[in-house]
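# Commentary on secondary and tertiary structure
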Amino acid sequence: MKSNLRLVCLLTIILSGSLVSVSQAEVKLASVFGDSMVLQREMPVSVWGWANPGEAVTVKFADQVKNTKADRDGSWRISLDVLKANSKGQTLTVSGSNTLELKDVLVGEVWICSGQSNMEWALSNTQGSAEAIADADHPMIRLFHVPKVQNKGPATDVKADWKVCTPENVPRFSAVLYYFGLKLQQELNVPIGLINSSWGGSPIEPWTIANGTSGGMYNGMIAPIVQYPAQGVIWYQGERNALTTREAIAYRKFFPLMIGSWRD
């Protein structure tokens, strides 16, 4: 009986170790890469993720094939050559010990938005929202909503995914960013990817890197996506930093500091 028990325990340990090994060996992508995403046109596009240290990784997209190996920490990154706008969904394939296929990938313009409640304000809470939401069937616009998270250090990933702009997906999305993206798509006639990373009531300081130290909102909500190529950023701060004269004066220093740190 004891002998059989030891055998069962030993097999459990071996199988558990095997499962861990298989899990570690799987190639993974940062969550900002997924089905229905938009990649930035007219500039090199970084693609990154994780695998076993030293594991060979291949990325295929738009007739490009890029190869690399995961470093000693298991991180890997490649750069796709400049892409032209493309409204036809394509497949991005990442392969190593396993294969990932991201479908319906478009190429156009990507914009990131941030700020406080003025930017976070949902389309469903705006005037004329019922009609706007009913009309929000725009397959060339894609939405990515970063959850509200603060971190002590820069996070490497977020829990979010891309969604096609539809009446079902748009109600809780930023109204300002939605209308901004809609106007861009109509004028440029290219796919538009919109990344919403905003937090109502937030001051500018947690979004900023100052003296080598980054704030909690930057760490949790910007750091994981800051390497994702984008055309630009729109910022709608609101009034949180105008509660006192001292805060308002400090804003004159922090705003250009935040812009510079994000660009860096």
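Treat the numbers as computed from the prediction; the structure is a model and nothing was measured.

## What to know about the packing of aromatic side chains
Counting across every chain of the model gives nine aromatic pairs. Measuring from ring centre to ring centre gives 5.2 Å for Phe144 and Trp162, while their planes differ by 45°; the resulting arrangement is tilted. Separated by 18 residues along the polypeptide, Phe144 in strand S9 (residues 138–145) and Trp162 in strand S10 (residues 162–165) bring together distant segments of the chain. Here Phe144 falls in the buried class, since its relative accessible area comes to 0%. With a relative accessible area of 6%, Trp162 lands in the buried category.

## Considering the sheet that holds strand S1 (residues 28–29)
Strand-to-strand pairing in sheets goes through backbone hydrogen bonds, with the strands running parallel or antiparallel. The three strands are arranged S1-S3-S6 in an open sheet whose pairing can be described as antiparallel. Two strands in the sheet have a free side with no partner beyond their single neighbour: S1 and strand S6 (75–80). For strand S3 (residues 45–50) and S6, the ladder comprises six bridges, and the chain directions are antiparallel. Within S6, the residue paired with Trp50 across the bridge is Ser75.

## A word on the pattern of salt bridges
Applying the stated criterion across every chain yields a total of eight salt bridges. One salt bridge connects Asp104 with Arg142, and the closest N-O pair in it is separated by 3.1 Å. Here Arg142 lies in strand S9 and Asp104 lies in strand S8 (residues 99–115), a separation of 38 residues in the sequence. Residue classification places Asp104 among the partly exposed positions, given a relative accessible area of 31%.

## Observations concerning the state of the cysteines
The tally for this structure, following the rule as stated, stands at zero disulfides. The cysteine Cys165 is free of any disulfide, with Cys113 supplying the nearest cysteine sulfur at 13 Å. Judged by relative accessible area, Cys165 falls into the buried class, the value being 0%.

## Quick notes on the side chain of Thr166
Within the element layout of this structure, Thr166 appears in the loop between S10 and helix H4 (175–188). For Thr166, the contacting residues outside a window of four places in its chain are Ala136 and Asp137.

## A closer look at the pairing of S3
Most of S3 is tucked away: five of the six residues are buried. Across two bridges, S1 lies against S3 in antiparallel orientation. Within S3, the residue paired with Lys28 across the bridge is Trp50.

## Brief notes about the environment of His138
For His138, the location among the structural elements is in strand S9. Residues His138 and Pro167 lie 29 residues apart in sequence; the distance between their C-alpha atoms is 9.0 Å. Once residues within four sequence positions are removed from consideration, His138 is found in contact with Val164, Cys165, Tyr178 and Leu182. Only 3.3 Å separates the side chain of His138 from the backbone oxygen of Asp135, close enough to count as a polar contact. Of the polar contacts made by the side chain of His138, one reaches the side chain of Tyr178; its length is 3.2 Å.

## Details of the side chain of Gln237
Mapped onto the elements, Gln237 comes out in the loop between strand S14 (232–236) and helix H6 (245–263). A relative accessible area of 5% places Gln237 in the buried class. Within the local environment of Gln237, its side chain forms a polar contact with the backbone oxygen of Ser202, the two atoms lying 3.1 Å apart. Among the polar contacts made by the side chain of Gln237, one reaches the side chain of Asn241 at a distance of 2.9 Å.

Calculation criteria
Residues numbered from 1 in each chain as written. Predicted model: local features only at pLDDT ≥ 70, side-chain atom pairs only at ≥ 80, totals over all residues. Heavy atoms only, no water. Phe/Tyr/Trp six-rings, centres within 6.5 Å; stacked < 30°, edge-to-face > 60°. Helix = DSSP H or I, 4+ residues; strand = E, 2+ residues; numbered from the N terminus. Buried < 20%, exposed > 50% of the residue type's maximum accessible area, 1.4 Å probe, protein only. Pairing = 2+ DSSP bridges. Salt bridge = Lys/Arg side-chain N within 4 Å of Asp/Glu carboxyl O. Disulfide = S-S within 2.5 Å. Contact = heavy atoms within 4.5 Å. Polar contact = N/O pair within 3.5 Å; in protein donor to acceptor, adjacent residues only side chain to side chain.

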